[in-house]
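Understanding the architecture of this molecule
The chain contents come next:
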Amino acid sequence: MKCAILRQLVYSVAMLLTVYSIVQVISLFIFSVMVYEFMHIHSKRVALLGDLEGSNSKLLLKGRRRMVLLYSIFLICITSISISQLLLP
Amino acid sequence: MNDLNTLPWHKEPPLAVSTLVGERVVDTFNTHWVKYMPIMSVFVLIISVAMLLTISSGTNVLRTNQLMPKVVFLVGNTSALLVMHWFFHRAMSQSLEGIIITNRRFIYLEAHLWAKEEMHEISLNQIKAVESQKRGLTENIFRFGHLSFDTGGSDMSTRTFFRIPHPDRKAKIITDLLRTANYG
């Protein structure tokens, strides 16, 4: 009886960890491709504004680092909370 | 800006733009920050519910023998991640909206990550009239509105751009440019 309960517990934990890991990996992948594309478009804007010389052209590019930083912070926070839910006693 | 020069994709040609002779940038700006408000409201609402679900599953999810806390935890965590990615996709796309006014043309840049990247350009010599509008309480309090260009011709010739900060000032800049260049 105990053995069956233990097996069921191990099975459910393995399932939970597998699904959780897959979700985290997909999430990290989405984060990477979004930041990559964001930086890609920004680099094109830099080139575009480089062609069109002007004194205040940097105004269009402000907020890039802040946005990526905020995105990273949110990802880290959500991941930390979920890991603490899993592991903390 | 220098750090971007080292990135591998920097060598790619920029958006289809060819610099005109004697062209210089007069003004560059992003559309008004109020564009983030609708998605921010949805984000705050859904992520609160999702995080509540995650936390309500209780600590030590791994050691419990019940199925329900595990399901609640997974649903909460996945929803939180999904809504976060959705929000930042929209926010980053909207942050890429930008406007460049040069002494020759008006350029509106628009992008949607992995979906579209557009550049609308109106030459100043096509513009017959500029119109700025601030309608309603929100637009007047936060000082943003529409900017419309009449390019002459048919009824479809009016181009309107939304969420422009201080549209009256921008209209004045363009009108001055038209007057200076003797286009109008």
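Because the structure is a prediction, the values reported are computed rather than measured.

1. Some points on the overall build of chain A
Check the secondary structure of chain A and you find two helices and zero strands. Looking at chain A residue by residue over its 89 residues, the buried ones come to 43%. On chain A, roughly 5,300 Å² of surface is accessible, and the fraction owed to carbon and sulfur atoms is 74%.

2. Concerning the side chain of Gln85(A)
Structurally, Gln85(A) is set in helix H2 (residues 64-87). At a separation of 3.0 Å, a polar atom in the side chain of Gln85(A) contacts the main-chain carbonyl oxygen of Thr54(B).

3. Focus on unusual backbone geometry
The general pattern is negative phi for most residues beyond glycine and trans for most peptide bonds. Residue and element names in this part refer to chain B. With a phi angle near 65 degrees, Trp114 is a residue other than glycine that sits in the positive phi range. When you line up the elements, Trp114 lands in the loop between strand E3 (105-112) and strand E4 (116-123). Of note in this structure, Arg143 is not a glycine but carries a positive phi near 55 degrees. The class of Arg143 is partly exposed, set by a relative accessible area of 47%.

4. Here we look at a nonpolar patch on the surface
Residues and elements named next belong to chain B. A cluster of nonpolar residues, Trp33, Met37, Met40, Val44, Leu137, Ile141 and Phe142, forms a patch on the protein surface that exposes about 670 Å² of accessible area. Elements represented by at least two residues in the nonpolar patch include exactly helix H2 (37-56) and helix H4 (136-141). At three residues, the largest contribution of residues to the nonpolar patch is made by H2. In this fold, Val44 is placed in helix H2.

5. A word on the pairing of E4(B)
Residue and element names in this part refer to chain B. Relative to E4, E3 is paired through eight bridges, and the arrangement is antiparallel. Along E4, the bridge assignment pairs Ala111 with Glu117. If you look at the hairpin formed by E3 and E4, you'll find three residues sitting between the two strands, and Trp114 has a positive phi there, around 65 degrees.

6. Topic: the packing of aromatic side chains
Tallying each qualifying case throughout the model produces 13 aromatic pairs over all chains. Taking 4.2 Å as the distance between ring centres and 15 degrees as the angle between the ring planes, the aromatic pair formed by Phe43(B) and Phe87(B) counts as stacked. One end of the pair, Phe43(B), is in helix H2; the other, Phe87(B), is in helix H3 (residues 68-95), and 44 residues separate them in sequence. We classify Phe87(B) as buried; its relative accessible area is 6%. For the pair Tyr108(B) and Phe161(B), a centre-to-centre distance of 5.0 Å together with 45 degrees between the ring planes defines the contact as tilted. Of this pair, Tyr108(B) sits in strand E3 while Phe161(B) is found in strand E7 (residues 158-165), placing the two residues 53 residues apart along the sequence. Put simply, the rings of Phe31(A), Tyr71(A), Phe74(A), Phe43(B), Phe87(B) and Phe88(B) pair up and form one aromatic cluster. Across from the ring centre of Phe29(B), 4.2 Å away, lies the NZ or CZ of Lys170(B), which sits over that ring.

7. Some points on the confidence of the model for chain B
Residues and elements named next belong to chain B. Residues with a pLDDT of 70 or more make up 84% of chain B, whose mean pLDDT is 83. This model gives residues 1-5 a pLDDT under 50, and the stretch forms 11 contacts once residues within four places in sequence are excluded. Counted against residues more than four places away or in other chains, residues 7-14, with its pLDDT under 50, gives 15 contacts. Both confidence scores are given for the complex: pTM 0.83, ipTM 0.87.

About the cut-offs
Residues numbered from 1 in each chain as written. Chains lettered and ligands numbered in written order. Predicted model: local features only at pLDDT ≥ 70, side-chain atom pairs only at ≥ 80, totals over all residues. Heavy atoms only, no water. Helix = DSSP H or I, 4+ residues; strand = E, 2+ residues; numbered from the N terminus. Buried < 20%, exposed > 50% of the residue type's maximum accessible area, 1.4 Å probe, protein only. Areas by Shrake-Rupley, 256 points an atom, 1.4 Å probe, with all protein chains shown as cover. Polar contact = N/O pair within 3.5 Å; in protein donor to acceptor, adjacent residues only side chain to side chain. Patch = residues over 30% accessible without salt bridge, like charges linked within 9 Å, V, L, I, M, F, W, Y side chains within 5 Å. Salt bridge = Lys/Arg side-chain N within 4 Å of Asp/Glu carboxyl O. Pairing = 2+ DSSP bridges. Phe/Tyr/Trp six-rings, centres within 6.5 Å; stacked < 30°, edge-to-face > 60°. Lys NZ or Arg CZ within 6 Å of the ring centre and 35° of its normal. pLDDT = per-residue confidence, 0-100. Contact = heavy atoms within 4.5 Å.

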